[in-house]
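So the chains spell out like this:
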Amino acid sequence: MTVLVGRKIKKTYGKKSTAQEVLKGIDIEVNKGEFVGIMGPSGSGKTTLLNVLCSIDHPTEGVVEINGKNLRNMKEKQLANFRREQLGFVFQDYNLLDTLTVKENILLPLSISKLPRAVAESRLKELVKLLGITDILNKYPNEISGGQKQRTSAARALISSPTLVFADEPTGALDSKSATSLLTNLENINKQKSVTIMMVTHDSVAASFCSRVLFLKDGAIYTELYRGDKTRQQFFQQILNTQSILGGDGYDA
Amino acid sequence: MTLSRLVLRSMRKNVKHYYLYFFALIFSVTLCYSFTTLHHNPTVVEALKESGTAAAGFQSATFVLYFIITFFVLYANHLFMKRRSKEIGLYQLIGMTKGLIVRLIALENIILFIFAVALGMVIGFFSSRLFAMILIKLLKLDLVIELVFSPKAFTQSVIIFSILLLVILFQMTWMVYRVTLLSLFHASKKADERIKRFNFFQMTFGLLGLLLIVYGYYESSILFDAEKSLFKDIFLHMLVILASTILGTFLFFRYSVSFIMNIFRASKKGHLKIRDVMAVTQIMHRMKGNAKSLTLITVLTGLAVGIMSLSYISYYSSETRARQFSPYDYTLVNDKGISFLDRLHQEGIEFKKDTYRVAEVTFNFQDLVGDITNENLTFSTESSMYVISLSDYKQVVPDAQINEGETIITSYQNMFSEVVPLEEGGDFSVQYHNEEAKFVLKEVQEKFMLSGTITMASPVLVVTDTAFENISANQTSESSFNYQVGVNLVNSEDIPKAEEIYTDIQEERKLVVNGQEYLPLSYEEEKQGYLSIYGTTIFITAFLGLAFLLTTGSILYFKQMSEAEMEKESYTTLRKIGFSTSDLMRGIYAKQAFNFGVPLVIGLLHSYFAVKSGWFLFGTEMFTPLVVTMVLYVVMYAIFAVISTQYYKRIIKASL
Ligand SMILES: Nc1ncnc2c1ncn2[C@@H]1O[C@H](COP(=O)(O)OP(=O)(O)O)[C@@H](O)[C@H]1O
Ligand SMILES: [Mg+2]
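Residues numbered from 1 in each chain as written. Chains lettered and ligands numbered in written order. Predicted model: local features only at pLDDT ≥ 70, side-chain atom pairs only at ≥ 80, totals over all residues. Heavy atoms only, no water.

Caption draft 1: How the structure looks around the domain arrangement of chain B. In terms of domain boundaries, chain B breaks down into domain 1 (1-190), domain 2 (194-325 + 525-656) and domain 3 (326-524). In this structure, domain 2 of chain B and domain 3 of chain B have C-alpha centres spaced 46 Å apart. (Domains from an automatic or database assignment.)

Spelled out as structure tokens, the structure:
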């Protein structure tokens, strides 16, 4: 089943004279339960693509449909509700609210839903156990490590049981140990709860956790790789090879 | 890049941050300058010449105004410097010396300041005419105000603002030199307050704050009730009230609010609503840093509204007071100037007249009020009072009735009745010419009939005609007041003509009693006298009130502006994960209601209790003037809350 469809997506920044076409007509389809990685040199438009796909930004041209709904036809309020109820977000710089405890941060997306407290509580218990952050629930973001912050952020993304999770370089600010632990968590969640995940990364190791990796170059999809039955190590090798063909420039991983 | 280009560029980038500071500065200068100009306007000087206190009032108000504005500008400058700490840090990082940065910002400040002062003075010059017209209107005079440039006002203002500029530059230099590079980047991150499950310390102080406020209110309600209060000295008493409410207010903001919010938040066990996220947690987060300024705003609000209410009460009561002092349109005492009546006849002016025979007695208040323990109310309890007969009294109260040995005390006005309430039914004795008579006090009335020239604002005793004959029998007509003719016009159109006649025969009306010369005033003259005193007072206090309002409103707005900017990232996050602008705005409304509403409500409560404790010393009516003042204040104050909310809305809209 297709969860996300993007057709002929174009995105142009700036006025006519200084216009810069960042996305040059991208077609994409994501099926339920997939763990899709988007790779590409920095400045290739990964974040822009992700923002357009997740309704945070509008495409200049083209169509985005999530679960069969065309985003273009929705108003600000509808889009916001849609994001809160159907989508989850993990950002590179965590984007936790400093004034809230870890628990309050995680429960944030439910703060205008009518979900009974007991249900929310049990979801929370399950998630924090899965992500290993049970002990820090009453701490504030500035009292925990980067890895813990990102896992908190992941828990917040998952608390509303979204059908689709978007992650923009979730491991970008983490050391390799924390990164691996977070990615393992995401992989587990993807497999166990069949949550569809779309992750932007420029780290080949991170990309090797995915079931499919798209390569972006100059605002267009250059190629895509499927993991299939390959081991992570093999898939990682394959990603590295593709990257070197693409031209290693701009990869800082 | 040259220094000037850098300045220009950074200024252009800063206009957005600056524009309110800039407007506030312009507005302050406008207020100050128009006040000084007004003060030197020849027409106004002429109108106020008679009243010596008015000039002194203007003088001291000018100083208060300067003080408020200095304070305000320093505060605003401090706030803006703090906001620019990142920028300053950046300049230092790229290798500029502190000296250069100071010169840069000084240049920027000087340009901005001169611009604001010039603009403010121009506006102030023109608006001074408007203010002068308001003043003349308040004084109920019929004068035309001309715009006059006053070199004296100009130099005075220029000197004051130059000094202010120097102070600002000094403050700025001090701030730049004091801070280290590191602390610059953290300036906006200080003063966090985090959630605690239960904090005994916080609870104790929170409770103490509330108790202190309530105690202050209680003490204020018994300010003149010496028996109930511990404090016999009225100034000490006032000081205690002031200290306890101000300290209470601070503790309230610093501890009570956090305590209540902590309990609320803890009870949610992590399941916050979006409004809590936007309002409660943010308010808690900043309470430590905001407590002082919220206290300041509360106190200033209370002070401004209190003072304005009291002077409005005075102004509002001008006519009533004039009526109390001159119950009749025209009064003639001891037959002096009785030709007034003939002249009225000649002019064909219709009038009604009442006549009173008057006698003087001394009596002891003590008999009627019991113990007067308040040391500050040491008016001699042995006081003199004027007596009229029941039949004369019936001219104004036709159905009055007393038996032999009974009396009515009338003209017992507000101020006395609040401070020294008399007990009806009590008995007391009066002395006259070595004789003494005992009376029972039947009732106490507020009706006025004798001129204040006679009574000097003390109450009037009504006795039966026989008793009156006894009392008046021995009194010689030359040594005292013994007769009053009260004249009321039938048609008010005749007032100007009658006034003319009344003034005409001024010499005839003069009388000498006990070696002292008296000249009774007409009601109109009396009223004009009160109006000119209280009109000036209310004008001055309203002017100061406006300055207070500007200060409190702007301080709150500045604070909210920087909070909005600090929270911008959170708004971005919240909107990304699926909260709409209107979801977030709901929280903002709550937050604004707290930040603007709570200091306002407490400030108004403070002023209510302050006014209630002593309003009767100022006038005869409390409710209407108090409510009018409060409503006007709230409406103008609300403007700041609205623009602050708009600011949040803009920030939130732009955050995604
Ligand atoms: N808001 C914006 N306005 C103008 N240009 C932008 C904006 N956001 C991104 N860009 C430009 O679009 C290009 C792609 O950016 P981005 O999607 O962030 O790349 P990536 O995430 O792959 O590093 C970059 O050249 C960037 O400068
Ligand atoms: Mg990016």
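Caption draft 2: Quick look at the layout of surface pockets. All names here are of chain B. There is about 620 Å³ of room inside the second largest pocket. Along its surface, the second largest pocket is lined by 26 residues, and Ile241, Leu242, His606, Ala610 and Val611 are the ones closest to its centre. Here the lining of the second largest pocket takes seven residues from helix α22 (residues 581-614), the largest share from any one element. Residues that form the lining of the second largest pocket fall into these classes: 17 nonpolar, nine polar and no charged. (1 Å grid on protein atoms, 1.4 Å probe; cavity = no way out; pocket = protein on both sides within 12 Å on 5 of 7 lines; lining within 4 Å. Points joined across faces, edges and corners; volume = space filled by probe spheres on them. Helix = DSSP H or I, 4+ residues; strand = E, 2+ residues; numbered from the N terminus. Nonpolar A, V, L, I, M, F, W, Y, C, P; charged D, E, K, R; others polar.)

Caption draft 3: Layout of the sheet that holds strand β6 (residues 87-90) of chain A. Residue and element names in this part refer to chain A. Read across the open sheet, the six strands follow the order β6-β7-β8-β3-β9-β10; overall the sheet is mixed. Bordering the open sheet on either side are β6 and β10 (220-226), each of which pairs with just one other strand. Neighbour-to-neighbour, the strand axes of the sheet open up by a mean angle of 20 degrees, direction not taken into account. As paired strands, strand β3 (residues 35-39) and strand β8 (residues 196-200) are joined by four bridges and run parallel to one another. Bridge assignment links Ile38 to a residue of β8, and that residue is Val200. Where helix α5 (residues 146-158) meets the sheet, it contacts β6 and β7 (164-168), and its direction lies at approximately 170 degrees from that of β6. (Pairing = 2+ DSSP bridges. Axes fitted to C-alpha atoms, helices over the stretch in contact; angles between N-to-C directions. Contact = heavy atoms within 4.5 Å.)

Caption draft 4: Highlighting helix α4 (residues 117-131) of chain A. All names here are of chain A. Look at α4: 21 Å from first C-alpha to last across 15 residues, which is about the 21 Å you get at 1.5 Å a residue. For α4, every residue scored as buried is listed here: Ala120, Leu124, Leu127, Val128 and Leu131. Viewed end-on, α4 has its buried residues packed into an arc of 95 degrees, placing them on one side of the element. Turned more than 90 degrees off the buried face of α4, the exposed positions are Ala118, Lys125 and Lys129. Here the buried face of α4 lies against α3 (102-107), α5 and α6 (176-192). Trailing α4 by a residue or two, Gly132 shows a phi angle of about 70 degrees, which is positive. (Expected span 1.5 Å × (residues − 1). Buried < 20%, exposed > 50% of the residue type's maximum accessible area, 1.4 Å probe, protein only. Arc of directions from axis to C-beta.)

Caption draft 5: Structural view of the UniProt feature "domain: ABC transporter" (unreviewed entry) in chain A. Taking the numbering used here, the UniProt-annotated feature "domain: ABC transporter" (unreviewed entry) corresponds to residues 4-243 of chain A. Note that residues 4-243 of chain A is 36% helix and 26% strand, and that its end C-alpha atoms are spaced 26 Å apart. (UniProt positions renumbered as here; feature names shortened; annotations may be inferred.)

Caption draft 6: Layout of the UniProt feature "domain: ABC3 transporter permease C-terminal" (unreviewed entry) in chain B. As annotated in UniProt, the feature "domain: ABC3 transporter permease C-terminal" (unreviewed entry) corresponds to residues 62-177 of chain B in the numbering used here. The span residues 62-177 of chain B shows a helical share of 85% and a strand share of 0%, and its end C-alpha atoms are spaced 34 Å apart.

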